[in-house]
Amino acid sequence: MRQYMVYILILALALRLVFIGQSLWLDEAIQALALMGRQGPLLSYALSDFQPPLYHFLLKGWTTVFGYSELALRTPSLLAGVALVYFVYKLGELIHSRRAGLIAALIAATNPLLIYYSQEGRTYMLTTLFVTMSFYFLLKRSPLAYLLTTLLAIWSSYLACLIVPLQLIYLM
C-alpha cells in the first residue's frame, strides 16, 4: 500500500511541474520586486499586504538561496502542494483507513484547483497545507503540533482563523 502512496506523490509532483515555468502573474511579479527590495523594506511591504507576513519572510529566505526565477518563486508552493497530498493521505488514513487515505490523496493529487495553486508563487497552497496539518494534528491529539500548525496557518492567511471555531464545533 505504501508504494501506491509513492506513485501518487510522483503523480502529484509531475502534474504540478507541467506549467510551473509560465510567466509570472502581476501579484507574483510585485512580490518578486518586493523581495528584491524594489518596493522598499520587505517588512513594510509585508505588513501592508492583505496577507500576513509569514509567506513573505519564508520566500525571502528561499529566494536568497535560489534566486528570483519563475521556478524559484513557485517552488515553495510546489513543495507545499505535494506535502498537502501526503497529509490528505494521512488524514484519510487516520479518519477511516489506509485505502480511504490513498483515494483521498489521489483526488488531491489530481485536483485541478490544487494543481493550479501549487504552481502560483503566493501563500494559498502553504495555507492549505497548514490548515490540513492542523486538522490532522487535532484528530491525532498532538497538542503542540496542532498549536504550531494552526498558528502557521493563521500567519500565512488571516482567513485561516476561521478553522479554530470550526474545529471547536467539531470537538463538541
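Look a little higher up for the structure.
Thresholds applied
- Residue numbers here run from 1 along each chain, matching the order of that chain's written sequence.
- Under the rules for a predicted model, residues below a pLDDT of 70 receive no local features and side-chain atom pairs below 80 are neither given nor counted, while totals for whole chains, interfaces and linings still include all residues.
- Side-chain descriptors were evaluated using all non-hydrogen atoms of the structure, hydrogens and water having been removed beforehand.
- The secondary structure listing takes helices from DSSP runs of H or I that are at least 4 residues long and strands from runs of E that are at least 2 residues long, numbered from the N terminus.
- Only C-alpha atoms enter the radius of gyration; for comparison, a globular chain is expected to reach 2.2 Å times N to the power 0.38, where N is the number of residues.
- Each residue's exposure class comes from its accessible area (1.4 Å probe, protein chains only) as a fraction of the maximum for that residue type: buried when under 20%, exposed when over 50%, partly exposed otherwise.
- Note on contacts: a residue pair qualifies if any of its non-hydrogen atoms lie within 4.5 Å across the two residues.
- For the accessible areas, the method is Shrake-Rupley and the probe is 1.4 Å, while residue cover comes only from the protein chains on display.
- Throughout, nonpolar core names a set of buried Ala, Val, Leu, Ile, Met, Phe, Trp, Tyr and Cys residues whose side chains join them through atoms within 4.5 Å.
- Working note: the arc is built from the helix axis to C-beta atom directions.
- Pairs were defined over the aromatic rings of Phe, Tyr and Trp, the Trp ring being its six-membered one, requiring ring centres within 6.5 Å. Orientation was assigned from the angle between planes: stacked under 30 degrees, edge-to-face over 60, tilted for the rest.
- Multiplying one less than the number of residues by 1.5 Å gives the expected span of a helix.
- The bend at a residue is defined as the angle formed between two axes, one fitted to the seven residues ending at that residue and one fitted to the seven starting there.
- Axis lines are fitted through C-alpha atoms, for helices just across the contact stretch, and the angle between N-to-C directions can take any value from 0 to 180 degrees.
- Any angle that falls under 35 degrees is termed roughly parallel, while one over 145 is termed roughly antiparallel, one within 65 to 115 roughly perpendicular, and all others oblique.
- What makes a crossing left-handed is the near helix being turned counterclockwise from the far one by less than a right angle; a clockwise turn instead makes it right-handed.
- For this classification, the nonpolar set comprises Ala, Val, Leu, Ile, Met, Phe, Trp, Tyr, Cys and Pro, the charged set comprises Asp, Glu, Lys and Arg, and every other residue, Gly included, is treated as polar.

Lay out the overall build of the protein in plain terms, naming residues and giving numbers.
Each helix and strand counted, the protein has 10 helices and 0 strands in total. For the protein, the C-alpha radius of gyration of 17 Å lies close to 16 Å, the compact-globule estimate for 172 residues. With respect to the three principal axes, the spread of C-alpha positions in the protein is 50 × 35 × 25 Å. The 172 residues of the protein split such that 44% are buried. Within the protein, contacts between residues separated by at least 24 positions form 69% of all contacts whose residues are at least 6 apart in sequence. Surface summary for the protein: the accessible area is close to 9400 Å², and the carbon and sulfur share equals 73%.

Give me the nonpolar core: which residues, what numbers.
The biggest cluster of nonpolar side chains holds 37 residues, and the ones touching the most others in it are M5, I8 and V85. Going through the elements one at a time, α1 (2-17), α2 (26-35), α3 (42-48), α4 (54-66), α5 (70-95), α6 (98-110), α8 (124-140) and α9 (143-156) are the ones with two or more residues in this core. The dominant element in this core, judged by the number of residues it contributes, is α8, at 9 residues. Leave out the neighbours within four places in its chain, and M5 touches V85, Y86, Y89, L102 and A105.

Quick rundown of α2? Include the residues and the values.
Of all the residues in α2, the buried ones are E28, Q31, A32, A34 and L35. Down the axis of α2, the buried side of the element spans an arc of 160°, and every buried residue falls inside it. One or two positions beyond α2, positive phi appears at G37, with a value near 90°.

Explain unusual backbone geometry to me, and be specific about the residues and the numbers.
Despite not being glycine, R141 shows a phi value in the positive range, around 60°. In this fold, R141 is placed in the loop between α8 and α9.

Provide a residue-level description of the environment of L151, including the pertinent values.
Here L151 lies in helix α9. Along the primary structure L151 and S134 are separated by 17 residues, whereas in three dimensions their C-alpha atoms are 8.9 Å apart.

Run through the packing of aromatic side chains, naming residues and quoting values.
Under the definition given, this model contains 8 aromatic pairs. Seen from their ring centres, Y86 and F87 are 5.6 Å apart, and the 85° between their planes marks the pair as edge-to-face. The partly exposed category is assigned to Y86, whose relative accessible area is 34%. Here the aromatic residues Y86, F87, Y89, Y136 and F137 are joined through ring pairs into a cluster of three or more.

I'd like to hear about α5, residue by residue, with values.
With 26 residues, α5 should cover 38 Å at 1.5 Å per step; its first-to-last C-alpha distance of 37 Å lies within 8% of that length. Of all the bends in α5, the greatest, near 35°, is centred on P76. Counting buried positions along α5 yields 19 of 26 residues, so the element is predominantly enclosed.

Before we move on, could you go through the packing of α8 against α9 and cite the residues and values that matter?
Packing of α8 against α9 brings their axes to within 8 Å, and their N-to-C directions diverge by 155°. By the criterion of interaxial angle, the relationship of α8 to α9 is roughly antiparallel. Here the hand of the crossing between α8 and α9 comes out left-handed. Together, T127, F130, V131, M133, S134, F137 and L138 of α8 and A145, Y146, T149, T150, L152, A153 and S156 of α9 make up the contact between the two elements. Class assignment of the residues belonging to the contact of α8 with α9 gives a composition of 9 nonpolar, 5 polar and no charged.

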